[in-house]
Amino acid sequence: MVTNAASFGRSGVHDYILLRASAVILACYTIFLVGFIACSAPLTFEIWNGLFSSLPMKVFTLITLVALLIHAWIGVWQVLTDYVKHTALRGVLQFTFVVVAFSYLASGIVIVWGV
């Protein structure tokens, strides 16, 4: 069996499951934040800081950041595989995306755990 090293889940079924699971996590995080903002009438810095200072919110945000990385990685890989036929250009674009995505993840971890 031939596997593709650029695919995150190593098969179509795994990629499908990872995309759906990460989409559920991202949707739950978005719904939670929209609900929190809607229920916090005077949204002040102290309330916002208190939310992100709690350990469960830090963990939920970290899980969401990883889910976003997985979701974006698979999506970009699929788009580049379908539309960029030049192998070297696709490799450069994938490498660039990976560097940017991991730097976003690292920045997010530093920001969230620095609160």
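Note that the structure is predicted; figures quoted are calculated from it, not measured. (Residues numbered from 1 in each chain as written. Predicted model: local features only at pLDDT ≥ 70, side-chain atom pairs only at ≥ 80, totals over all residues. Heavy atoms only, no water.)

**Here we look at the layout of surface pockets**
- For the largest pocket, the calculated volume is near 160 Å³.
- In terms of lining residues, the largest pocket is bounded by L65, L68, L69, A72, F97, V100, A101, Y104 and L105.
- Listed by contribution, the elements that provide at least two residues to the lining of the largest pocket are helix 3 (55-83) and helix 4 (87-113).
- With five residues, the top contributor of residues to the lining of the largest pocket is helix 4.
- Residues that form the lining of the largest pocket fall into these classes: nine nonpolar, no polar and no charged. (1 Å grid on protein atoms, 1.4 Å probe; cavity = no way out; pocket = protein on both sides within 12 Å on 5 of 7 lines; lining within 4 Å. Points joined across faces, edges and corners; volume = space filled by probe spheres on them. Helix = DSSP H or I, 4+ residues; strand = E, 2+ residues; numbered from the N terminus. Nonpolar A, V, L, I, M, F, W, Y, C, P; charged D, E, K, R; others polar.)

**A closer look at the environment of V79**
- Examined against the element boundaries, V79 turns out to sit in helix 3.
- By relative accessible area, V79 is classed as partly exposed at 46%.
- On a C-alpha basis, the gap between V79 and G12 in space is 14 Å, while along the polypeptide they are 67 residues apart. (Buried < 20%, exposed > 50% of the residue type's maximum accessible area, 1.4 Å probe, protein only.)

**Description of the packing of helix 2 (residues 45-53) against helix 3**
- Closest axis-to-axis distance for the helix 2/helix 3 pair is 5 Å, and the angle between their directions is 75 degrees. Considering their axes alone, helix 2 and helix 3 lie roughly perpendicular with respect to each other. Here L51, F52 and S53 of helix 2 come into contact with helix 3, specifically with L55, M57, K58 and T61.
- In the contact of helix 2 with helix 3, the residues fall into four nonpolar, two polar and one charged. (Axes fitted to C-alpha atoms, helices over the stretch in contact; angles between N-to-C directions. Parallel < 35°, antiparallel > 145°, perpendicular 65-115°, else oblique. Contact = heavy atoms within 4.5 Å.)

**A look at the confidence of the model for the protein chain**
- The pLDDT averaged across the protein chain works out to 90; a share of 90% of its residues lies at or above 70.
- The weakest mean pLDDT in the protein chain belongs to helix 2 at 93; the strongest belongs to helix 1 (residues 12-39) at 95. (pLDDT = per-residue confidence, 0-100.)

**Points about the UniProt feature "transmembrane region" (unreviewed entry) in the protein chain**
- UniProt feature "transmembrane region" (unreviewed entry): in the numbering of this structure it lies at residues 17-38, 59-80 and 92-113.
- Its end C-alpha atoms 31 Å apart, residues 17-38 is made of 100% helix and 0% strand.
- In residues 92-113, the share of helix is 100% and the share of strand is 0%. The end C-alpha atoms are 32 Å apart. (UniProt positions renumbered as here; feature names shortened; annotations may be inferred.)

**Remarks on the side chain of R90**
- By the secondary structure assignment, R90 is in helix 4.
- Among residues more than four places away in sequence, those in contact with R90 are L80, T81, V84 and K85.

**What to know about the packing of helix 3 against helix 4**
- Running from N to C, helix 3 and helix 4 point in directions that differ by 175 degrees, and their axes come no closer than 10 Å. On the basis of their axis angle, the class for helix 3 and helix 4 is roughly antiparallel.
- For the contact of helix 3 with helix 4, the residue count by class is 20 nonpolar, four polar and two charged.

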